[in-house]
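# Architecture and fold: a report
Spelled out, the chains give:
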Amino acid sequence: MKIIGIVTGLFIVSASLGAQTPVYLDETKPIEDRVEDALGRMTLEEKIAMIHAQSKFSSPGVQRLGIPEIWTTDGPHGIRAEVRWDEWVQAGWTNDSCVAFPALTCLAATWNEEMAALYGKSIGEEARYREKDVLLGPGVNIYRTPLNGRNFEYMGEDPYLAGTMVVPYVRGVQSNGVAACVKHYALNNHEVNRHNTNVIVDDRTLYEIYLPAFKAAVQEGGAWAIMGSYNLYKDMHCCHNEYTLDRILKGEWGFDGVVISDWGGTHNTDQAIANGLDMEFGTWTNGLHNGITNSYDSYFLAGPYIEKIRKGEIGTEELDEKVRRVLRLAYRTVMDRTRPLGSLCSEAHYAAARKIAGEGIVLLKNDGGLLPMEIHDGSKILVVGENAIKMMTVGGGSSSLKVQREILPLDGIRERFGDKAEIVYERGYVGDVTGEYNGVTTGQDLSESRSPEQLIADAVEAAADADYVIFVGGLNKSDHQDCEDADRTELGLPYGQDDVIEALAAVTDRLVVVNVSGNAVAMPWIDDVPAVLQAWYIGSEAGHAIADVLSGDVNPSGKLPFTFPERLEDVPAHIFGDYTGVASRDTVDIEYKDGIYVGYRWTDMQKKTKPLFAFGHGLSYTEFEYGKPVIDRKEMTSDGTVTVSVRIANTGDREGKETVQMYVGDRKSSLPRPLKELKGFRKVSLAPGESTVVTFTVDEDDLAFFDPDRHEWVAEPGVFDVYIASASDDVRGKVSFELK
Ligand code: BGC
């Protein structure tokens, strides 16, 4: 187990050696020299040990040389509680609670790089304090279908948005000397059959939609680790995939960090040796235990690998390259004695969580300005719905957390309004009452004996004389409701929530629906409900952040990072075929027939169907007026740029933030292209009456598409349109120029 003692031991070794300090321990020497020196001192057995797990979450260092163990942790919303050495059972520590930060969908919805930097720095500090060296996150798989059970761990449907937001997160984490392990690379866009889905996707779609966020994390964020995904691509598991790992990640992108397998994602020694996997974790050890003292020795990159080397079937070139990368990781993290010490559950982290949540909550609808709430002495607020009283930090799979505290929505509302208003709670429906994941329990008793009809009747009765009715529902991270290893089975809300909402809407026009989910949900009642908030899973400060927005203490400024379709039948992944195939043990080929037309790239082209809420949509309690965009020139050469400026003014009566979005469209091209694609955004904060000019620079990269024949990005001469928008379906101005 890694305890400070080992690090201290290292210090003593290094200090006492003085002038004879070996290169690998000499902190004045470049990391690459130290890596080579350490490598040269290691035995074959030590090298093999270093590239696979020794426990559920750690790999051994080289004790003899004073190279410490490497400890990983989930990720990506907080630091997971400790499990036993080799069991998915709680270790029973009392000092492993954490702050739960908002889910990554919420972070993406802030459209604010500063929030991503704050998130990364804060969660990195928690990881560091808990003595972790690798944080298993963030996740940047593209949102292809609203049924994907893990969308809440990702950053939405757009490669540019996800690629922009991931960079400060990675840098922030790594500023603590903790590696970010970006996951799940690549094409892991649903959970059903996740170990045996073989994705068939054309090169253009791969490069334009599914890879850019990973590339940005690696090249701009400088990620030190990446996690191979469970699925297959070109019939090869992505944890040891010649194309994605060897050719693209390490070849084209020049990644110098470690490739870590997803837990149990390694399947084959030869491929694991040859195709770019550096560290094997989580291989299913059941069944390997029998008669073997250390089942980790049976990992694909353990016994079977060393056997091949000993028999002379293979050399050590690949092994040395893997070990080099692991050593580099060690020098960047656990062997960096200058790294900060971190902090856990600090007030600063709670403040960060609340701020990010407040900026990520999206005001979807606000007819008649029902929000923000205006409360007077004697007002009555009725809160309805299980999600108002249910802890949401437990559940969802590996991202489940053991939190030090979690403010529930009902408590947040009570705290904010309780001094003036009478606050009444009604359950409305019963969803998931279990509250347990992996041995961490919420300790909540959510049992309920009333019938569904009675629950609705009680809520309706209480609603009649309420000044506000706040329905807090949605999904809840239980199986099939935004949870790892399973997808949702429908777009609709579960547990009869539509009936509750409709019944409430029939008796009050002061109804606010707060939807807690990581996915789009159907809203058949939308015309009858005046105000809707998309509140995500927002972690420890959920109740505070929701009350901040309901009260107007925080003016909402989140924008959707993915499209809310009206019906599943409007989603291209579903229109063009079966997005998962039937659950199966055999390999299932899934062709991404929707190609590049994911999300708004599809809805933009539809004349008849409109999404319920478009990508980039999000309202404010104030109004913003856009001026006419101005372009600095009408022509651009291939190495040049154009700039587009637009004045934006806050014409309402309260301070607010607006995200100005810039999309670019190619009028005519040799290959079909979307009408427009996001290529820039800027969030500005404006006082009432204030205005500012936002300027975007467009360069050739923003104009290019991936030409699969030439295997390169190509910008074709011709006319391009630059759209300045408040949402993908709310374009406020357009300018054009010609690429010569
Ligand atoms: C998940 C990863 C996670 C790992 C370790 C896997 O099942 O897919 O995201 O980091 O477990 O818990």
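Quick notes on the rules
Residues numbered from 1 in each chain as written. Predicted model: local features only at pLDDT ≥ 70, side-chain atom pairs only at ≥ 80, totals over all residues. Heavy atoms only, no water. Helix = DSSP H or I, 4+ residues; strand = E, 2+ residues; numbered from the N terminus. Buried < 20%, exposed > 50% of the residue type's maximum accessible area, 1.4 Å probe, protein only. Contact = heavy atoms within 4.5 Å. Areas by Shrake-Rupley, 256 points an atom, 1.4 Å probe, with all protein chains shown as cover. Near = heavy atom within 4 Å. Polar contact = N/O pair within 3.5 Å; in protein donor to acceptor, adjacent residues only side chain to side chain. Nonpolar A, V, L, I, M, F, W, Y, C, P; charged D, E, K, R; others polar. Salt bridge = Lys/Arg side-chain N within 4 Å of Asp/Glu carboxyl O. Pairing = 2+ DSSP bridges. Domains from an automatic or database assignment. Buried area = accessible area lost by both parts, 1.4 Å probe. Core = buried A, V, L, I, M, F, W, Y, C linked by side-chain atoms within 4.5 Å. Arc of directions from axis to C-beta. Patch = residues over 30% accessible without salt bridge, like charges linked within 9 Å, V, L, I, M, F, W, Y side chains within 5 Å. Lys, Arg positive; Asp, Glu negative; His and termini not counted. Charge placed at Lys NZ, Arg CZ, Asp CG, Glu CD.

From N to C terminus, the chain includes 19 helices and 29 strands. Projected onto its principal axes, the C-alpha coordinates of the chain cover approximately 80 × 70 × 55 Å. Looking at the 740 residues of the chain, the share that counts as buried comes to 65%. A separation threshold of at least 6 residues defines the contact pool for the chain, and within that pool the share at least 24 residues apart is 76%. Taken as a whole, the chain presents about 26,400 Å² of accessible surface, with 48% of it coming from carbon and sulfur.

Attention now moves to the site of the ligand. Neighbouring the ligand are 14 residues; Asp-74, Arg-150, His-184, Tyr-230 and Asp-262 lie closest to it. Within the side chain of Asp-74, an N or O atom sits 2.4 Å from an oxygen atom of the ligand. Calculation on the ligand without its partners gives an accessible area of 310 Å², and the protein chains cover 95% of this total. Per-class residue counts for the shell around the ligand are five nonpolar, two polar and seven charged.

Attention shifts here to the pattern of salt bridges. For the structure shown, the criterion picks out 61 salt bridges. In this structure, the salt-bridge partner of Asp-26 is Lys-29, at a minimum N-O distance of 3.3 Å. With relative accessibility at 14%, the residue Asp-26 sits in the buried group. For Arg-64, the salt bridge identified is with Glu-46, shortest N-O distance 2.7 Å. Residue Arg-64 is located in the loop between β1 (58-59) and β2 (70-74), and its partner Glu-46 is located in helix α3 (residues 44-50); the two are separated by 18 residues in the primary sequence. Of the residues examined, Glu-46 reaches a relative accessible area of 15% and is grouped as buried.

Turning next to the sheet that holds strand β24 (residues 677-686). Strand order in the open sheet formed by five strands is β21-β29-β28-β23-β24, and the pairing between neighbours is mixed. Only two strands of the sheet have a single neighbouring strand rather than two, namely β21 (635-636) and β24. Here strand β23 (residues 656-666) pairs with β24 via nine bridges, running antiparallel. Note on β24: the bridge partner recorded for Tyr-663 is Leu-678.

Of all five residues in β2, five are buried; the element is thus mostly enclosed. Neither face of β2 is exposed, since Ile-70, Thr-72 and Asp-74 on one face and Trp-71 and Thr-73 on the opposite face are all buried. Pairing between β1 and β2: two bridges, direction antiparallel. Residue pairing for β2: Ser-59 is matched across the bridge by Ile-70. With three bridges joining them, β2 and strand β3 (residues 134-136) adopt parallel strand pairing. Within β3, the position partnered with Thr-72 by the bridge is Val-134.

What follows is about the domain arrangement of the chain. Domain annotation for the chain reports domain 1 (42-86 + 95-332), domain 2 (361-554) and domain 3 (622-739). Centre-to-centre, using C-alpha coordinates, domain 1 lies 34 Å away from domain 2. On the side of domain 2, 32 residues touch domain 1, which itself brings 34 residues to the contact. Of the roughly 2,500 Å² buried where domain 1 meets domain 2, counting both sides, 54% is carbon and sulfur surface. Along the contact surface separating domain 1 from domain 2 lie 22 residue pairs in polar contact (both at pLDDT 80 or more). A per-element tally of the side of domain 1 that touches domain 2 places helix α4 (residues 104-110) first, with three residues.

This part is about helix α17 (residues 542-551). Burial within α17 is extensive, with ten of its ten residues counted as buried. Those residues of α17 that sit buried are Ala-542, Gly-543, His-544, Ala-545, Ile-546, Ala-547, Asp-548, Val-549, Leu-550 and Ser-551. Those residues of α17 that are buried are in contact with α13 (347-360), α14 (409-417), β15 (468-474), β16 (511-516) and β17 (531-534). A positive backbone phi angle near 90° is found at Gly-552, which sits one or two residues after α17.

As a further point, take the pairing of strand β6 (residues 225-228). Burial along β6 is two-sided: the face carrying Ala-225 and Met-227 and the face carrying Ile-226 and Gly-228 are both buried. Sheet analysis places strand β4 (residues 179-185) next to β6, joined by three bridges and oriented parallel. Bridge pairing in β6 places Val-182 opposite Ile-226.

In this chain, Asp-74 is followed by Gly-75 through a cis amide linkage whose omega measures 5°. A cis geometry characterises the amide bond from Gly-137 onward to Pro-138, with omega recorded as 5°. If you trace the backbone, Pro-138 turns up in the loop between β3 and α6 (159-174). Even without glycine at this site, Leu-187 takes up a positive phi of about 65°. Within the element layout of this structure, Leu-187 appears in the loop between β4 and β5 (197-200). Positive phi, normally seen in glycine, also occurs at Asn-193, with a value near 55°. With respect to the helices and strands, the residue Asn-193 is situated in the loop between β4 and β5.

Leu-107, Tyr-185 and Leu-327 are the most contacted members of the largest nonpolar core, which has 127 residues in total. Beyond its immediate chain neighbours, meaning those up to four positions away, Tyr-185 contacts Leu-211, Phe-214, Ile-226, Met-227, Gly-228, Ser-229, Cys-238, Thr-244, Leu-245, Ile-248, Leu-249 and Trp-253.

On to α14. Residues three or four positions apart in an α-helix share a direction because the helix packs 3.6 residues into each turn. Along α14, the residues classified as buried are Pro-409, Leu-410, Gly-412, Ile-413 and Phe-417. Looking straight down α14, one finds that the buried residues subtend no more than 160° of arc, so they occupy a single side. As for α14, its buried residues are in contact with β11 (380-384), β12 (422-426), β15 and α17.

With that out of the way, let us pick up the environment of Tyr-207. Relative to the helices and strands, Tyr-207 resides in helix α7 (residues 203-210). The sequence separation of Tyr-207 and Phe-706 amounts to 499 residues, and the corresponding C-alpha distance is 6.7 Å. Those residues in contact with Tyr-207 that sit more than four places away from it in its chain are Pro-212, Ile-248, Glu-252, Phe-706, His-711 and Trp-713. A distance of 2.9 Å separates a polar atom in the side chain of Tyr-207 from a polar atom in the side chain of Glu-252.

Mapped onto the secondary structure, Asn-366 falls in strand β10 (residues 362-366). Only 2.9 Å separates the side chain of Asn-366 from the backbone nitrogen of Leu-371, close enough to count as a polar contact. When residues no more than four places from it in sequence are discounted, the contact partners of Asn-366 are Leu-371, Pro-530, Ala-531, Leu-619 and Tyr-621.

It is worth spelling out the sheet that holds strand β7 (residues 232-233) at this point. Consider a sheet: its strands pair through backbone hydrogen bonds, and that pairing is either parallel or antiparallel. Sheet architecture is open: four strands sit in the order β8-β7-β5-β18, paired in mixed fashion. Each of the sheet's edge strands pairs with one partner strand only, and the pair in question is β8 (236-237) and β18 (588-591). Two elements, β5 and β18, share four bridges in a ladder whose sense is parallel. When the bridges of β18 are listed, Ile-200 appears paired with Glu-591.

Residues Asp-499, Glu-502, Asp-527, Asp-528 and Glu-566 make up a contiguous surface patch of negative charge. Among the structural elements, Glu-502 can be located in helix α16 (residues 497-507).

This part is about the environment of Lys-559. Inspection of the secondary structure assignment puts Lys-559 in the loop between α17 and α18 (572-575). For Lys-559, a relative accessible area of 1% puts it in the buried group. Residues Lys-559 and Ala-727, 168 residues apart in the sequence, show an inter-C-alpha distance of 7.9 Å. In this structure, Lys-559 is in contact with Ala-109, Trp-111, Val-362, Gly-616, His-617, Gly-618, Glu-658, Thr-659, Gln-661 and Ser-726, ignoring residues within four places of it in sequence. At a separation of 2.7 Å, a polar atom in the side chain of Lys-559 contacts the main-chain carbonyl oxygen of Ser-726.

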